[in-house]
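Breakdown of the fold
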Amino acid sequence: MCRSIKTLRPPVLPEEATEEDIRAAALQYVRKVSGFREPAAHNREVFHRAVEEIAESTAKLLQDIEVRGSARSAGANPPARESA
């Protein structure tokens, strides 16, 4: 994995990832997979389209993922406690 890509979900990231965080990770991913830091003119459109598509998918993933023990998942459906 590209060492520049950081985990974008709690508890690793204390706050929700920003659009900038997500796009930066998508850009690093596309750079790693394509082998290009900056694409040539004839590849620029497809390179930037890939970054946008990956950023969208990443944002959806982070929005929908459930992290056990996080405040978001703990408050959503707290486990039922049995009384002694």
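The residue numbers shown here count from 1 along each chain, following its written sequence. Per-residue local features of the predicted model are confined to residues with pLDDT of at least 70, and side-chain atom pairs are confined, for both listing and counting, to 80 or more; whole-chain, interface and lining totals are unaffected and use all residues. Side-chain metrics rest on all non-hydrogen atoms present in the structure, leaving aside hydrogens and water.

1. Re the nonpolar core
Test applied: Buried Ala, Val, Leu, Ile, Met, Phe, Trp, Tyr and Cys residues that are joined via side-chain atoms within 4.5 Å together make up what is termed a nonpolar core. Burial here depends on accessible area, computed with a 1.4 Å probe over protein chains only, as a share of the maximum for the residue type. Under 20% is buried, over 50% is exposed, and the range in between is partly exposed. Secondary structure elements are taken from DSSP: a helix is a run of H or I of four residues or more, a strand is a run of E of two residues or more, and numbering for both begins at the N terminus.
Among the nonpolar cores identified, the biggest contains 12 residues, and these are Ile 5, Leu 8, Ala 17, Ile 22, Ala 25, Ala 26, Leu 27, Val 30, Phe 47, Val 51, Ala 55 and Leu 62. At the level of elements, helix 1 (19-34) and helix 2 (44-64) are the ones that each hand at least two residues to this core.

2. A closer look at the layout of surface pockets
A water-sized probe, rolled over the atoms, reveals where empty space remains. Going by this rule: In the cavity and pocket records, a cavity denotes points on a 1 Å grid over the protein atoms alone where a 1.4 Å probe fits but cannot get out, a pocket denotes an open set with protein on both sides within 12 Å along at least 5 of 7 lines, and lining residues are residues with an atom within 4 Å of a point. Grid points are joined across faces, edges and corners, and a volume is the space filled by probe spheres set on the points.
The calculated volume of the second largest pocket comes to roughly 220 Å³. Considering the residues around the second largest pocket, the lining is formed by 13 residues, among which Ile 5, Lys 6, Leu 8, Ala 25 and Thr 58 are closest to the centre. Ranked by residue count, the leading element in the lining of the second largest pocket is helix 2, at four residues.

3. Focus: the pattern of salt bridges
Any two side chains of opposite charge can pair, on the condition that their charged atoms come close. The line we're drawing: By definition, a salt bridge exists where a carboxyl oxygen of Asp or Glu is found within 4 Å of a side-chain nitrogen of Lys or Arg.
Counted by the stated rule, this structure contains three salt bridges. Between Glu 52 and Arg 23 there is a salt bridge, and its shortest N-O distance comes to 3.0 Å. Here Glu 52, found in helix 2, pairs with Arg 23, found in helix 1; they are 29 residues apart in sequence, far enough to count as distant. Residue class for Glu 52 comes out partly exposed when judged on its relative accessible area of 37%. Glu 45 is the partner of Arg 49 in a salt bridge, and the nearest nitrogen-oxygen pair spans 3.5 Å. With Arg 49 and Glu 45 both in helix 2 and four residues apart, this pair spans about one turn of that helix. Given a relative accessible area of 42%, Arg 49 falls into the partly exposed group.

4. Concerning helix 1
Note the threshold: Given the number of residues in a helix, its expected span is that number minus one, multiplied by 1.5 Å. Residue contacts are defined here by distance: any two heavy atoms, one from each residue, within 4.5 Å place the two residues in contact.
For helix 1, which comprises 16 residues, the first-to-last C-alpha distance of 22 Å matches the rise-based estimate of 22 Å (1.5 Å per residue) to within 8%. Residues of helix 1 that are buried: Ile 22, Ala 25, Ala 26, Leu 27, Gln 28, Val 30 and Arg 31. Where helix 1 is buried, its residues meet helix 2.

5. Some words on the confidence of the model for the chain
The test is simple: A residue's pLDDT is simply how confident the predictor is in it, with values from 0 to 100.
The predicted model of the chain averages 82 in pLDDT, with 77% of residues at 70 or higher. Across the chain, element-level confidence peaks in helix 2 with a mean pLDDT of 96 and bottoms out in helix 3 (residues 71-76) with 49. Contacts of residues 73-81 to residues separated by more than four positions or lying in other chains number three contacts, the stretch itself having pLDDT below 50.

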